[in-house]
Amino acid sequence: MANITKKVSWSSRHDEPGATGEGTPLLNGSEQPRYSRQLSGGGIFQIGRLSTVDLDEEVASDQDHLRSRPKEIPHNEKLLSLKFESLDYDNSENQLFLEEERRMSYIGFRCLEISRWVVCGLIGFLTGLIACFIDIVVEQLAGMKYQVVKQNIEKFTEVGGLSISLILWAVLNSAFVMVGSIIVACFEPIAAGSGIPQIKCYLNGVKIPRVVRLKTLLVKVGGVICSVAGGLAVGKEGPMIHSGAVVAAGVSQGRSTSLKRDFKIFEYFRRDTEKRDFVSAGAAAGVSAAFGAPVGGVLFSLEEGASFWNQMLTWRIFFASMISTFTLNFFLSIYNDKPGDLSSPGLINFGRFESDSVEYNLYEIPLFIAMGAIGGLLGALFNVLNYWLTIFRIRYIHRPCLQVMEAMLVAAVTATVSFAMIYFSNDCQPLGPDHSEEYPLQLFCADGEYNSMATAFFNTPERSVRSLFHNQPGTYNPLTLGMFTLTYFFLACWTYGLAVSAGVFIPSLLIGAAWGRLFGILLASITSSGSIWADPGKYALIGAAAQLGGIVRMTLSLTVIMVEATGNVTYGLPIMLVLMTAKIVGDYFVEGLYDIHIKLQSVPFLHWEPPATSHWLTAREVMSSPVTCFNRIEKVGTIVDVLSYTSTNHNGFPVVMHHAASDEPAKLCGLILRSQLIVLLKHKVFVELARSRLTQRKLQLKDFRDAYPRFPPIQSIHVSQDERECMMDLTEFMNPTPYTVPQETSLPRVFKLFRALGLRHLVVVDDANRVVGLVTRKDLARYHLGKHGLEELQLAQT
């Protein structure tokens, strides 16, 4: 390993016991227990180990740790957390599974397929309802807030004392944000942010704790309402994607583990493989409800979310997206007293671009590409600033009370900056007969005029984007747009990562629309014929796409979302060119925002391709060892002891068969999971009990599905001393055909096999089919391409 930046060192073979499976030695010198039994007796053997690492030079005692919480939490982005487990996207084809599949008739399979379509329809319907609820409540709360502040400003403009209006605005913003931050920071921290990085990890095969719980959904919805109504530089599209994913995960299981209600439906879908596909549909339905873009939702789920895909899944996801958009528009039309009017484009209404205002010339293409480069540069700057800000938050703002205080501070500062920008702006525009502004502020303008800066700040972000797209030329002066871009850029960067439910799509679009409109105005002013072709709304659209693409690095899906949301395909080609340019330029400096936050959480995320220059590594060098194995007929006490070791917490165990009549080493004959063993122990599936109880019910797949996904911990299962001496036959429950690779298999080949099949464990065997190691997600995610070539991350209990 001469040409690799070493982060973890390997010890020599046969020195000390180590970790296998999903577990790894704990930090600070914790060591795995050494088994004294030989392979023939207990089915457990040693091969080598991965050395441990220490985060701190000195380790405080447990008592000291409990007495005082640290003011600073050291964080290193070169770590890979051991707290994240993998999901089982590969079906365990044991005897129970195969018997059930063989008993099922063709009609049964067709009914299952129909059930999948029904579930996708329910996902779309419920996601649309949630989007409608969020939209109505946000509009009502924000409308009341802005109306109260507007009346107060108008009152004190005449008599003096506008500082009272500033205080009122700041207090109202802080009050809303305080409620949203408290429910997130104190009740469900996983609901913070947009949720897109977490859903992306889930679809990649990483089990993020509590990410698809009912409580998370409730906090997410309440949190995003408070965040948007509180005037933060946030959007509601990311939380909608997360909400759709939670709805999908719940509906597809036919029960609620949080409410302890089982409706006895969709029981076949109670496994990670099926749930993954439905969560993909839920994420797409969330995008569709947010932007009115069913096709964009499907492409978003494919490009940005799902790691596994098939053709039938595409049509089911599109169906869910269509139902979501239709449901939202139907109920909004009823709410707006326009029954049957389904023309609303979605939760986030950009407004339709008319055909005569969206024409472009070929000589404008270089200008669009240049705007894409600007978007990539600004997006990279945004991501770098937010990266260092997030590092600071991880280290110092880790207590709930501090997180709430920071959110309230940002809300108050946002209101103060907005008020100051409006107060010192002298950009007065005539109030047109159409009166398109929702809350026009006159302030110090003459009668019949309004402050155009207030149109950008004194409004919800969605309405501000729409005004930048569609207001007539001359509505904003360049100074107003420049100052707004600068201030809103830093406010949005500061806001993303707070302990509130918030998305980054709309703030990014708003920033880009502002500097894009400014770009169009400057073009019109410096060219003689610019006023004819340099339409500010057109360049606002291109700037919005460039800025968002520079931050999140989406291409195809974002192109379709923008086309569907604006209702015109004319700008499909320019938007695609802009997004590709923004991605190329941005990727040169730093990763996309979602990938940065995934890395900061130390998640073992597997990208599409293995790291370059990794062909010289083989399975022998990346695998974990020693491997904890079980015999096909194993002693109950041995199983309980292995599952109870808190320092290992393995989740997969190769099953080996040893021939007592010969001295040959045991050979691999299957793989069994911790969750399966826990169900077997819970139901006392012991050989001796099966012989004594002739009427004992045979264990079925339903018993495993009923325990899914919250399998009980081993500590909750009582096994008497007599039962510890019993034997357990694993033949019927293990997967007899696990995926295996030889020791000399290259890392890229192992990576592609592991990721394409959605594996959780990949057994490494020698020429005689003997187990020599086990490859898990963390073993592969450790390797990535850094500044100095191929680097190996540290493994830590963060």
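Structure: above.
Residues numbered from 1 in each chain as written. Predicted model: local features only at pLDDT ≥ 70, side-chain atom pairs only at ≥ 80, totals over all residues. Heavy atoms only, no water.

Turning next to the overall build of the protein. Helix and strand counts for the protein stand at 30 helices and 19 strands. For the protein, the residues scored as buried account for 57% of the 798 residues in total. Intrachain contacts of the protein at a sequence separation of at least 6 include 79% that bridge at least 24 residues. For the protein, the exposed surface amounts to about 32800 Å²; the carbon and sulfur share of it is 60%. (Helix = DSSP H or I, 4+ residues; strand = E, 2+ residues; numbered from the N terminus. Buried < 20%, exposed > 50% of the residue type's maximum accessible area, 1.4 Å probe, protein only. Contact = heavy atoms within 4.5 Å. Areas by Shrake-Rupley, 256 points an atom, 1.4 Å probe, with all protein chains shown as cover.)

Another point: empty space enclosed by the protein. Applying the stated criterion to the full structure yields seven cavities of 30 Å³ or more. In this structure, the largest cavity occupies an estimated 170 Å³ of space. Put simply, the parts of the chain that give the lining of the largest cavity at least two residues each are α4 (106-159), α5 (162-187), α13 (400-424), α14 (452-457), α15 (461-470) and α16 (478-495). For the lining of the largest cavity, a count of residues per class yields 12 nonpolar, seven polar and one charged. (1 Å grid on protein atoms, 1.4 Å probe; cavity = no way out; pocket = protein on both sides within 12 Å on 5 of 7 lines; lining within 4 Å. Points joined across faces, edges and corners; volume = space filled by probe spheres on them. Nonpolar A, V, L, I, M, F, W, Y, C, P; charged D, E, K, R; others polar.)

Within the structure shown, the criterion is met by 30 salt bridges. Put simply, R270 and D706 hold a salt bridge, and the shortest N to O gap is 3.7 Å. Of this pair, R270 sits in the loop between β6 (261-262) and α9 (272-291) while D706 is found in helix α27 (residues 701-707), placing the two residues 436 residues apart along the sequence. In this structure R270 comes out as buried when scored by relative accessible area, which is 2%. Taking the relative accessible area as the measure of exposure, D706 reaches 31% and is therefore partly exposed. A salt bridge links K538 to E364, with the shortest nitrogen-to-oxygen separation between them at 3.1 Å. (Salt bridge = Lys/Arg side-chain N within 4 Å of Asp/Glu carboxyl O.)

Our next topic: the state of the cysteines. Per the stated rule, a full pass over the model turns up one disulfide. The disulfide partner of C428 is C445, and the S-S distance across this bridge is 2.0 Å. Between C428 and C445, the S-S dihedral sits near -85°, and the bridge is therefore left-handed. Placement of the pair is C428 in strand β7 (residues 428-430) and C445 in the loop between β7 and β8 (449-451), with a sequence separation of 17 residues. By relative accessible area, which is 27% here, C428 ends up partly exposed. A relative accessible area of 6% means that C445 is categorised as buried. (Disulfide = S-S within 2.5 Å.)

Turning our eyes to something else, we now look at the packing of aromatic side chains. Scanning the entire structure with this criterion turns up 26 aromatic pairs. Arranged with centres 5.6 Å apart and planes meeting at 55°, the rings of F368 and Y539 form a pair that is tilted. Linking F368 in helix α12 (residues 365-396) with Y539 in helix α19 (residues 536-552), this pair joins segments that are 171 residues apart in sequence. For the pair shown, F368 and Y539 are each scored as buried. (Phe/Tyr/Trp six-rings, centres within 6.5 Å; stacked < 30°, edge-to-face > 60°.)

A few words now on the environment of A248. When you line up the elements, A248 lands in helix α8 (residues 237-251). Excluding residues that lie within four positions of it along the chain, A248 makes contacts with I123, F278, V279 and G282.

What holds strands together in a sheet is hydrogen bonding between their backbones, with the strands either parallel or antiparallel. Strand order in the open sheet formed by three strands is β9-β11-β12, with mixed pairing between adjacent strands. Across the chains shown, the open sheet's two edge strands, defined by having one partner strand only, are β9 (630-631) and β12 (667-673). In the packing of helix α25 (residues 674-682) onto the sheet, the strands contacted are β9, β11 (652-657) and β12, and the crossing angle to β12 comes to about 75°. (Pairing = 2+ DSSP bridges. Axes fitted to C-alpha atoms, helices over the stretch in contact; angles between N-to-C directions.)

The next subject is α9. An ideal rise of 1.5 Å per residue puts 28 Å on 20 residues; α9 measures up with 29 Å between its terminal C-alpha atoms. Within α9, 20 of the 20 residues are buried, leaving the element largely enclosed by the surrounding structure. Two residues or fewer past α9, G292 is found with a positive phi of approximately 65°. (Expected span 1.5 Å × (residues − 1).)

What follows is about the sheet that holds strand β15 (residues 762-765). The three strands are arranged β14-β15-β16 in an open sheet whose pairing can be described as mixed. If you trace the sheet from one side to the other, it starts and ends with β14 (740-742) and β16 (771-775), each paired once. On average, adjacent strands in this sheet sit at an angle of 30° to one another, irrespective of strand direction. Packed onto the sheet, helix α29 (residues 747-757) meets β14, β15 and β16 and runs at close to 145° relative to β15.

With that settled, consider the pairing of strand β18 (residues 789-792). Across four bridges, the pairing between strand β17 (residues 783-786) and β18 is antiparallel. Opposite Y783, over in β18, you have E792 as the bridge partner. Taking the residues that link successive antiparallel strands as the turn, the β17-β18 hairpin has two residues.

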